[in-house]
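What the coordinates show
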Amino acid sequence: TTTKEILRSVTGAANAGEVLALMGPTGSGKTSLLNALAGRTPVGGRLRGEILVDGEPRTESFMRERVAYVMQEELLFPWLTVEETLTLHCRLRRAKLTEGEVREHVDEIIGELGLRKVTSSVVGAPGGVPRGVSGGERKRVNIGVEMVSDPEALFLDEPTSGLDSFQAQRCMDALKQLAKNGRTIVCTIHQPRSSIYAM
């Protein structure tokens, strides 16, 4: 069998409190690097070298308990409201929380992601059946679904893809807010506008 080297001699650091963007043209290995950092090496893939967390080798428990990964595709129930969506995922992933704690946690996520105005709106589907929140708001709901586990590190694959410039800016503002609250945010991004690049 032949092997293909995807990334070589890659070094870097992602710090809590900042948004780190992996940028480059299509096919340059952005998503491969993101997957390696997030512990999502494809079956049959091999990772050499080391990935450290706070100076120590990354552990499986860290990946399972303290990391969230937001895929480019949104897998949301279109008929649920924003609040119902986040509440459902919170109940499933944080089974030990009381109903009051679930409500409090969901409310905190809604605030962090700037979704207060659409809390009771249905999520909807891309293309509009049913019609729901905007594309940028749906992206932020998708991020919120991963936030229910209260991760320390959040990895996102192309969080601004398919968004107009205003919604892309809102999405990145939300990620910057999550970083300000002490999280490490790493995302891939393709052709960011200057205001997003400046962030």
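Whatever comes next refers back to the structure up there.
Below, the structure is looked at part by part. (Residues numbered from 1 in each chain as written. Predicted model: local features only at pLDDT ≥ 70, side-chain atom pairs only at ≥ 80, totals over all residues. Heavy atoms only, no water.)

**Comments concerning helix H4 (residues 99–112)**
Between the first and last C-alpha of H4 there are 20 Å, a value that for 14 residues agrees with the 20 Å anticipated at 1.5 Å per step. What H4 keeps buried is the set Val102, His105, Val106, Ile109, Ile110 and Glu112. Considered in projection along H4, the buried side chains sweep an arc of 165 degrees and stay on one side of the axis. Along H4, the residues that are exposed and aim more than 90 degrees away from the buried face are Arg103 and Glu104. Taken together, the buried residues of H4 touch helix H3 (82–93), helix H5 (135–147) and helix H6 (165–180). (Helix = DSSP H or I, 4+ residues; strand = E, 2+ residues; numbered from the N terminus. Expected span 1.5 Å × (residues − 1). Buried < 20%, exposed > 50% of the residue type's maximum accessible area, 1.4 Å probe, protein only. Arc of directions from axis to C-beta. Contact = heavy atoms within 4.5 Å.)

**Brief notes about the pattern of salt bridges**
Scanning the model with the defined rule gives 10 salt bridges in all. Its salt-bridge partner being lysine 139, residue glutamate 74 comes within 3.9 Å of it at the nearest N-O pair. Separated by 65 residues along the polypeptide, glutamate 74 in the loop between strand E4 (67–70) and H3 and lysine 139 in helix H5 bring together distant segments of the chain. The partner of arginine 91 in a salt bridge is glutamate 99, with the nearest N and O atoms 2.9 Å apart. Classification of glutamate 99 as partly exposed rests on a relative accessible area of 39%. By sharing partners, the salt bridges in this structure join Glu5, Arg8 and Arg48 into a single network. (Salt bridge = Lys/Arg side-chain N within 4 Å of Asp/Glu carboxyl O.)

**Comments concerning the nonpolar core**
Residues Val82, Ile143, Leu154, Leu156, Leu175 and Leu178 are the most contacted members of the largest nonpolar core, which totals 34 residues. Elements supplying a minimum of two residues to this core: E4, H3, H4, H5, strand E5 (153–156), H6 and strand E6 (184–189). Looking at which element gives the most residues to this core, the answer is H6, with seven residues. In terms of nonpolar packing, the next biggest core, distinct from the first, is built from 11 residues, Leu22, Phe62, Ala153 and Phe155 among them. (Core = buried A, V, L, I, M, F, W, Y, C linked by side-chain atoms within 4.5 Å.)

**Focus on the packing of H3 against H5**
Remark: H3 packs on H5, axes separated minimally by 9 Å, with the N-to-C direction vectors making an angle of 20 degrees. When the interaxial angle is binned, H3 and H5 end up roughly parallel. For the pair H3 and H5, the crossing hand works out as right-handed. Touching Val82, Thr85, Leu86, His89 and Arg93 of H3 are Val141, Gly144, Val145 and Glu146, all from H5. Broken down by class, the residue content of the contact of H3 with H5 amounts to four nonpolar, three polar and two charged. (Axes fitted to C-alpha atoms, helices over the stretch in contact; angles between N-to-C directions. Parallel < 35°, antiparallel > 145°, perpendicular 65-115°, else oblique. Left-handed = near helix turned anticlockwise from the far one by under 90°. Nonpolar A, V, L, I, M, F, W, Y, C, P; charged D, E, K, R; others polar.)

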